[in-house]
Structures are given as C-alpha cells and as structure tokens.
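One-letter residues, chain by chain:
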Amino acid sequence: MMQTSSINNTQKLQLSPLDIPSRLLLGPGPSNAHPTVLKAMNTAPVGHLDPAFLTLMDEIQSLLRYTWQTNNPMTIAVSGTGSAAMEATIANAVEPGDVVLIGVAGYFGNRLVDMAGRYGADVKTMTKPWGQVFSLDEIKHQLNTHRPAILALVNAETSTGARQPLEGVGELCREVGCLLLVDTVTSLGGVPLFLDEWGVDLAYSCSQKGLGCPPGASPLTISPRAMSKIQQRRTKVANWYLDATLLQKYWGQERTYHHTAPINLYYALRESLRLMAEEGLENCWKRHQENAEYLWDKLEGLGLSLHVEKDFRLPTLTTVRIPQGVDGKAISQKLLNEYNIEIGGGLGELKGQVWRVGLMGFNSQKENVDRLIEVLQKVLP
C-alpha cells in the first residue's frame with residue numbers, strides 16, 4: 001500500500017488499561033448491576049442471527065411480558081437507551097395531525113411533548129405542579145375536551161419521584177377511542193404494573209434502573225390495538241431504525257435482518273430478567289416498597305423532608321428536599337468524591353431544590369440505605 005500523507009498524531013493517546021472507580025449508584029440511574037448480569041456480558045458474542053441468539057431473543061420477549069404483565073406479541077428490547085424506546089412509541093403511533101394529549105408534571109412529560117411535536121402531532125397538554133399526579137376526573141375531563149388519538153402519561157416521573165396511578169385510565173381512553181401510552185422507565189421491575197388489565201396500549205422502559213442491567217437494551221411493548229393503528233398508517237414511520245413494522249420482522253417469525261443487535265447487552269438483559277423471574281414479581285415489588293419505606297423513615301429521622309406525598313411516591317426513586325442554606329451540589333460531590341456514592345440532583349423546575357435517591361433493582365437493599373444514611377450524617381451541616 002502506498003502512503004501519500006503523513007499521520008497526524010495530535011490525538012494519539014498513550015493510555016493505561018481501563019480503571020474506573022467502584023461507585024454505589026444511588027442516583028436516578030443507572031443503578032449497579034447484579035454480578036451475574038455483569039458476568040453474562042463477558043460471554044463471547046455470537047452472530048445476531050445465530051440460532052442460539054434468536055432463542056435468547058424469544059426468552060427476553062417472554063420475560064418482558066411477564067415483567068409487564070402483558071401478552072402483547074410485539075414486546076421487544078430496542079437497541080438503544082430508554083429515550084430510544086420512548087421515541088419508538090411516538091414515532092410509530094403518531095401520524096402527522098394526530099391529536100396527542102400529554103400529562104406534564106415533570107421533565108419527562110415535557111420530553112414527550114417535544115418528541116410528539118417533532119413527529120407532527122397536534123399536541124395538547126394537561127399540567128400539574130412537579131411532584132403531583134393527575135386524578136381520574138382530571139384525565140376524563142381532558143379526554144372529553146380534546147378527544148385525542150393518543151393519551152401519554154408518565155407512570156414514574158424520574159424528575160420528581162411521583163407515581164401516576166393508571167387504574168381506570170384505560171377504560172376512559174376506550175370511551176373516547178384513543179390509545180394509552182405510558183412511560184415506565186423508572187417503574188418497570190420495581191413498581192406493580194398490569195398493562196393488559198389496565199388497558200395500556202404502548203409502554204417503554206429502560207434496562208439500567210429497576211431491571212438492574214447496564215443501559216442500552218430498552219423494553220418496548222405495543223398492544224394489538226396499537227399495532228393495528230400502526231399498520232394502517234397513511235404515511236411511513238419517519239424513523240427507519242425504530243419502525244415497529246420492520247423490528248417485528250426481526251423479533252418475530254420471519255427473523256429478517258434489520259440491524260446488528262448489541263448482543264452482549266442482550267445477554268445481560270436476559271440474565272437480569274431471569275433473576276427477576278427467579279425472585280418472583282410479587283417479591284421484587286415488595287422488596288422495593290419495604291426498602292423505600294425504610295429509606296423514607298431514615299431520611300426523615302435526619303430531619304429531611306420528602307417532596308412527594310407518601311401515597312404517590314415511587315419506591316424506586318425518592319426526591320429529598322435540600323434544606324435551606326445547604327449547597328446541594330456540594331453535598332452530592334462530597335458523597336461521590338470522598339465516599340464513592342452517587343445521588344442525583346434536581347432537573348428542570350426542581351433544579352437546586354431536591355436530591356434524587358434511587359433504590360432500584362439489585363441496589364434495592366437495606367445495607368445500601370444504611371451506608372447512605374451513615375455518610376449523610378457525616379456530611380450534612
């Protein structure tokens with residue numbers, strides 16, 4: 001080979017082998033993965049159409065249906081983070097001109113608004129102060145007012161730590177003939193979910209929170225009712241990579257090549273779902289709730305107040321009010337730099353007002369609460 005240009009070495013680095021600090025991740029995500037899950041990631045990859053890998057994809061689908069309590073045939077893991085799965089629901093379900101009603105009570109409700117607008121929706125919003133939830137009467141009034149094609153709600157608002165109840169919402173949606181789309185990013189695996197029973201048509205999540213897996217393989221489920229709307233679209237889905245009609249052929253019986261899946265991440269997801277099934281959903285939900293209540297009691301014992309009313313708090317994510325006169329960012333940095341514990345700060349309207357403490361998946365353990373509380377006692381003024 002003839003070389004005609006000289007090599008530019010200005011960006012060439014001489015690095016030592018990878019060395020990352022060991023952190024206890026008690027923020028809004030990612031959470032620490034189970035050692036078995038990390039071990040699975042180190043398994044040698046096979047091809048993305050290898051029969052062994054296709055079997056693993058089937059296992060992931062079944063276990064996701066179990067975790068979500070749904071029988072939707074179109075239940076898959078999107079090759080991307082939770083925001084990709086979020087966009088997949090919008091890209092597929094929304095056609096230009098569709099009226100989409102979105103509940104906004106936090107940062108991720110606003111993200112849904114942004115995404116739906118980009119896909120041509122006629123976006124309508126109903127709003128609540130950050131940390132509050134919508135009542136059935138409020139939802140019914142808005143549905144009757146706007147008669148949307150889709151209602152989108154955030155079941156677990158990661159920015160506020162609030163849990164939006166879903167019981168009865170599906171029936172209201174069916175009365176006006178609209179689909180129900182739900183964000184379960186911070187609830188799947190840690191909060192009771194019954195998608196079929198509640199009439200949820202589209203839902204998405206992520207792998208790095210309640211499922212206790214590294215990010216990058218994100219659950220997505222679409223009901224037959226929603227798939228019917230997608231299949232009758234007047235226009236093609238504007239996002240090729242996330243087009244459910246194409247992904248369905250890869251995950252379904254046809255096994256048609258669509259993209260190269262992140263194989264090792266799917267290994268990890270399969271193991272995290274297997275561990276959850278081994279524990280049992282009821283036990284998993286109970287563990288998260290009990291450990292969250294233990295955390296709440298301990299935080300209040302330090303004189304700290306919690307942002308969300310108890311009945312609507314997420315067991316996976318707790319928002320703690322930063323006391324008057326305390327530099328919340330400085331405390332977070334001290335926890336990270338001196339004690340290797342990560343907690344999150346506030347987003348959007350809650351920036352500088354709260355800390356966000358996650359107890360999700362493998363991390364939902366009492367000993368992690370005790371470690372955090374012990375350190376907070378040292379660093380709080």
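Residues numbered from 1 in each chain as written. Predicted model: local features only at pLDDT ≥ 70, side-chain atom pairs only at ≥ 80, totals over all residues. Heavy atoms only, no water.

1. Here we look at helix α6 (residues 169–176)
Definition in use: Exposure is judged per residue with a 1.4 Å probe applied to protein chains only, and the accessible area is read against the type maximum: over 50% gives exposed, under 20% gives buried, and values in between give partly exposed. Strands are runs of DSSP state E lasting at least 2 residues, helices are runs of H or I lasting at least 4, and numbering of each runs from the N terminus. What the arc measures is the spread of directions leading from the helix axis to the C-beta atoms.
All of the buried residues in α6 are V169, G170, L172, C173 and V176. Buried residues of α6 fall within an arc of 160 degrees about the axis and therefore sit on the same side. G177 occupies a position one or two residues after α6 and carries a positive phi of about 75 degrees.

2. Regarding the sheet that holds strand β11 (residues 317–321)
Heads up, the condition is: Between any two strands, at least two bridges found by DSSP are needed for them to pair.
Pairing is antiparallel across the open sheet formed by three strands, whose spatial order is β11-β14-β13. Lying at the two open borders of the sheet, with one neighbouring strand each, are β11 and β13 (344–345). Here β11 pairs with strand β14 (residues 354–358) via five bridges, running antiparallel. Bridged to T319 within β14 is R356.

3. Things to note about the sheet that holds strand β2 (residues 74–79)
Note: strands within a sheet are paired through backbone hydrogen bonds, in either parallel or antiparallel orientation. Under the convention used in this document: In this analysis, axes come from line fits to C-alpha atoms, helices being fitted only over the stretch in contact, and the angle between any two N-to-C directions falls in the range 0 to 180 degrees. Any pair of residues with heavy atoms lying within 4.5 Å of one another is described as a contacting pair.
Taken in spatial order, the seven strands line up as β2-β10-β9-β8-β5-β3-β4 in an open sheet, and their pairing is mixed. Pairing within the sheet leaves two strands with one partner each, and these edge strands are β2 and β4 (122–127). Strand-to-strand, the axes of this sheet are offset by a mean angle of 20 degrees, without reference to chain direction. Pairing geometry for strand β9 (residues 202–204) and strand β10 (residues 217–222), over three bridges, is antiparallel. What sits directly across from Y204, in β10, is L220. In this fold helix α2 (residues 51–68) packs onto β2, β9 and β10, with an angle of close to 110 degrees to the strand it touches most, β2. In the packing of helix α3 (residues 82–93) onto the sheet, contacts are made with β2, β5 (150–154), β8 (179–183), β9 and β10, and the angle to β9 comes to roughly 160 degrees.

4. Regarding the side chain of H259
Spelled out, the test is: Residues adjacent in sequence count toward polar contacts only when both atoms are side-chain atoms; beyond that, a polar contact is any pair of N or O atoms within 3.5 Å, and within protein one must be able to donate a hydrogen and the other to accept it.
Mapping H259 onto the fold places it in the loop between α9 (244–251) and α10 (263–279). When its relative accessible area of 8% is taken as the criterion, H259 is described as buried. A polar contact of 2.7 Å, which involves the side chain of H259, links it to the side chain of S79. Residues within four places of H259 in sequence aside, it is in contact with H48, S79, Y241, L247 and Y250.

5. Side note on the packing of α2 against α10
Note the threshold: Roughly parallel means an angle under 35 degrees; roughly antiparallel means over 145; roughly perpendicular covers 65 to 115; every other angle is labelled oblique. Each crossing gets its hand from how the near helix is turned against the far one by less than a right angle, where anticlockwise is left-handed and clockwise is right-handed. Polar here means any residue other than Ala, Val, Leu, Ile, Met, Phe, Trp, Tyr, Cys and Pro, which are nonpolar, and Asp, Glu, Lys and Arg, which are charged; Gly is therefore polar.
Between α2 and α10, the shortest axis-to-axis distance is 9 Å and the interhelical angle comes to 40 degrees. With respect to each other, α2 and α10 are oriented oblique. Relative to α10, the crossing made by α2 is left-handed. Here α2 contributes F53, L56, E59, I60, L63, L64, Y66 and T67 to the contact with α10, which in turn contributes I263, Y266, Y267, L269, R270, L273, R274, M276 and A277. Looking at the contact of α2 with α10 residue by residue, the class counts come to 13 nonpolar, one polar and three charged.

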